[in-house]
Amino acid sequence: SGGARGMAGLGVPEPGTGPGPVPATRVELTVSCRQLLDKDTFSKSDPLCVLYTQRPGSHQWREFGRTEVIDNSLNPDFLRKFVLDYCFEERQNLRFDLYDVDSKSPDLSKHDFLGQAFCTLGEIVGSAGSRLEKPLTGIPGKKCGTIILLAEELGNCRDVATLQFCANKLDKKDFFGKSDPFMVFYRSNEDGTFTICHKTEVVRNTLNPVWAAFAIPVRALCNGDHDRAIKVEVYDWDRDGSHDFIGEFTTSYRELARGQSHFNVYEVVNPRKKMKKKKYLNSGTVTLLSFAVEAEHTFLDYIRGGTQLNFTVAIDFTASNGNPSQPTSLHYLSPFQLNAYSLALRAVGDIIQDYDSDKMFPALGFGAKIPPDGHVSHEFPLNGDASNPACHGIAGVLEAYQRSLRRVQLYGPTNFAPVVNHVARSAAMVLDGSQYFVLLIITDGVISDMAQTKEAIVNAAKLPMSIIIVGVGQAEFDAMVELDGDDIRISSRGKVAERDIVQFVPFRDYMSGGPGAGLSMAGLAREVLAEIPDQLLSYMKARGIKPLPVPP
């Protein structure tokens, strides 16, 4: 069992750290070929397919894996499949090489090349029925036949198991005290090797530890195969990292899923001791105390179950934007191109509106003197209707914004709290998960009411809402980065926000070349909206809200 015995040298993370990131989706590729070239004189070719992949950003091909060899066939359906991590936002290049195998040698140059095909994983997944047929090429002047690639998403990827273990009478490894035990879990791979997938915390100075319950995605534990071996090693923790091996046992997801029972009591065995000592029984036992599994719901489960995203826009009408009649102003309305406010609104709105069935979007302004009496307002309706500030579609919001610019006087200060509280009041009325509120604030950035805004965000973090801030212009956006709370969770008067609900993006990062030239709006939208699905999930999870079943 190679495993992680001598763990110090293997760069194994310290106990208590979780597994590495588990990809969102795994895809299984099945390969078939038709009408391959016949290279053998007395019989048909014996084909083998080799898959090569590239690391993101690299042009170097690396061998990913090989199918089995199929004897005497020009139309092989290979049994051994390739399992790949699928990343929607990356271009994943693949290359399939076919060979006619003539000997037992693993060296491909000793076999006859039959042709190759190139494609991306997205091309296969995106084809009708996720089935792609391509001609094989690579031998000049010859028809090499075709390759057929079928992609299937691996199922049961979304269950999360919660497990708790204890141990009894473990071997005493420390000279002065008892042992300090912890366990390391490994899932087995297709090729018989093991990958670390969980490590418990260390329980100090006991031979009968009870470890804390832990949650782990089922796919991290067994990769969707309930009968695949799971290996568990038990160690005595040492400060210098040379942890002592106590023993090991193997199980499987199917066995663990039986829950607490006599089936789930395991003898911890040290193979070396077993070989040396005739009377050796074990180095203690490990018992499963509890097992539970539940489906991890995805963003799309809630959307399919009918959760609506409500989209509200708030626009900065402070004087620091510059006089709207001057081309240098961030609010300048040119007959030839959209200004930064309009572009940011379109980029985000065009995506969000797909999730909002009534397409009515409340639109507010802040920081201007408004008619008739010229008082300063920090939440005025762009359409002039205080009782219903909603505009129809993103086009309606743009139109109301342009009309407002001609009616109000840019002023100040830059206060965010009123618009945050405006949306929070709406969100507080619908806590059942049927609606989720997204506020887009577009601003030139220098905020005047930091303390009040932090207070408003901490209160809003309890509600079904997220805040997106797009900073336009060339200001320093330090305060916005602080509100974003990615590095340090935002707090107000000693209360820490229970969720991170703010995403800040500087618009200038997505302007390439002159104004309006080759604007990477898809990039802006991806960056701005990237956190919304997880923010929605964190609200639903914290409130124990399950997605509604999909309407028939």
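Residues numbered from 1 in each chain as written. Predicted model: local features only at pLDDT ≥ 70, side-chain atom pairs only at ≥ 80, totals over all residues. Heavy atoms only, no water.

Caption draft 1: Representation of the sheet that holds strand β13 (residues 229–236) in the model. Reading across from one edge, β11-β10-β13-β14 is the order of the 4 strands in this open sheet, with antiparallel pairing throughout. Both edges of this open sheet fall to β11 (194–199) and β14 (244–252), since each of them pairs with a single strand only. On average, each strand axis in the sheet is tilted by 30 degrees relative to the strand beside it, whichever way the strands run. Pairing geometry for β13 and β14, over 8 bridges, is antiparallel. Looking across to β14, one finds that Asp236 is bridged to Asp244. (Pairing = 2+ DSSP bridges. Helix = DSSP H or I, 4+ residues; strand = E, 2+ residues; numbered from the N terminus. Axes fitted to C-alpha atoms, helices over the stretch in contact; angles between N-to-C directions.)

Caption draft 2: Structural detail: the nonpolar core. Residues Phe311, Phe317 and Ile468 are the most contacted members of the largest nonpolar core, which totals 49 residues. Setting aside residues no more than four positions away along its own chain, Phe311 makes contact with Val348, Gly349, Ile352, Asp356, Phe361, Pro362, Ile394, Val438 and Leu440. Core analysis: the second largest hydrophobic core is formed by 33 residues, Val419, Val423, Ala456 and Leu463 among them. (Core = buried A, V, L, I, M, F, W, Y, C linked by side-chain atoms within 4.5 Å. Buried < 20%, exposed > 50% of the residue type's maximum accessible area, 1.4 Å probe, protein only. Contact = heavy atoms within 4.5 Å.)

Caption draft 3: Molecular detail of the pattern of salt bridges. Tallied over the entire structure, the rule returns 17 salt bridges. Of the charged contacts in the structure, one is a salt bridge between Glu123 and Lys134, with a shortest N-O distance of 3.4 Å. Taken together, the positions of Glu123 in helix α1 (residues 121–126) and Lys134 in strand β7 (residues 131–135) put the pair 11 residues apart, joining distant regions of the chain. Relative accessible area serves as the criterion here: at 33%, Glu123 is assigned to the partly exposed category. Classification of Lys134 by relative accessible area gives partly exposed; the value is 21%. (Salt bridge = Lys/Arg side-chain N within 4 Å of Asp/Glu carboxyl O.)

Caption draft 4: Up close: unusual backbone geometry. Cis peptide bonds are those with omega within 30 degrees of zero, and the linkage from Pro371 to Pro372 qualifies with 0 degrees. Turning to its location among the elements, Pro372 is positioned in the loop between β19 (368–370) and β20 (375–377). Of note, the amide linkage connecting Gly412 to Pro413 takes the cis form, showing an omega dihedral of -5 degrees. By the element assignment, Pro413 lies in the loop between β23 (409–410) and α8 (417–427).

Caption draft 5: How the structure looks around the sheet that holds strand β6 (residues 112–120). Sheet architecture is open: 4 strands sit in the order β3-β2-β5-β6, paired in antiparallel fashion. The open sheet is flanked by β3 (61–66) and β6, the only strands paired with a single partner. Taking the axes of each pair of neighbouring strands and ignoring which way they run, one obtains an average angle of 25 degrees across the sheet. Sheet analysis places strand β5 (residues 93–100) next to β6, joined by 8 bridges and oriented antiparallel. The residue bridging Leu98 from the neighbouring strand is Gly115, located in β6.

Caption draft 6: Looking closely at the packing of aromatic side chains. In this structure the tally under the stated criterion is 15 aromatic pairs. Judged by centre distance (5.7 Å) and plane angle (65 degrees), the ring pair of Tyr99 and Phe113 falls under edge-to-face. Of this pair, Tyr99 sits in strand β5 while Phe113 sits in strand β6, and the two are 14 residues apart along the sequence. Take Phe113: its relative accessible area is 26%, and that puts it in the partly exposed class. Note on Phe165 and Phe185: the rings are 5.5 Å apart at their centroids and 45 degrees apart in plane angle, and the pair reads as tilted. Within this pair, whereas Phe165 is found in strand β9 (residues 159–168), its partner Phe185 is found in strand β10 (residues 181–188), the two being separated by 20 residues in sequence. Of the two residues, Phe165 and Phe185, neither departs from the other in class, the shared state being buried. (Phe/Tyr/Trp six-rings, centres within 6.5 Å; stacked < 30°, edge-to-face > 60°.)

Caption draft 7: Just the packing of helix α6 (residues 340–352) against helix α7 (residues 393–407), in detail. The geometry of α6 relative to α7 is characterised by a closest axis approach of 10 Å and an angle of 160 degrees between their N-to-C directions. Considered as vectors, α6 and α7 are oriented roughly antiparallel to each other. Of the two elements, α6 crosses α7, and the hand of that crossing is right-handed. Touching Tyr341, Ser342, Leu345, Arg346, Gly349 and Asp350 of α6 are Ile394, Val397, Leu398, Tyr401 and Gln402, all from α7. (Parallel < 35°, antiparallel > 145°, perpendicular 65-115°, else oblique. Left-handed = near helix turned anticlockwise from the far one by under 90°.)

Caption draft 8: Spatial organisation of the pairing of strand β12 (residues 214–217). Across the two faces of β12 the burial differs, with Phe214 and Ile216 buried and Ala215 and Pro217 not buried at all. Across 4 bridges, β9 lies against β12 in antiparallel orientation. Residue pairing for β12: Val160 is matched across the bridge by Pro217.

Caption draft 9: Quick look at α8. Along α8, the positions that sit buried rather than exposed are Ala417, Val419, Val420, Val423, Ala424 and Ala427. All buried residues of α8 fall inside an arc of 170 degrees around its axis, so they share one side. In this structure, the buried side of α8 is in contact with β17 (308–316), β18 (360–366), β24 (435–443), α9 (450–460) and β25 (465–471). (Arc of directions from axis to C-beta.)

Caption draft 10: Up close: the environment of Leu439. With respect to the helices and strands, the residue Leu439 is situated in strand β24. Residues Leu439 and Ala363, 76 residues apart in the sequence, show an inter-C-alpha distance of 9.7 Å. Every residue in contact with Leu439, bar those within four places of it in the chain, is listed here: Thr312, Ala314, Val419, Val420, Val423, Ser466, Ile467 and Ile468.

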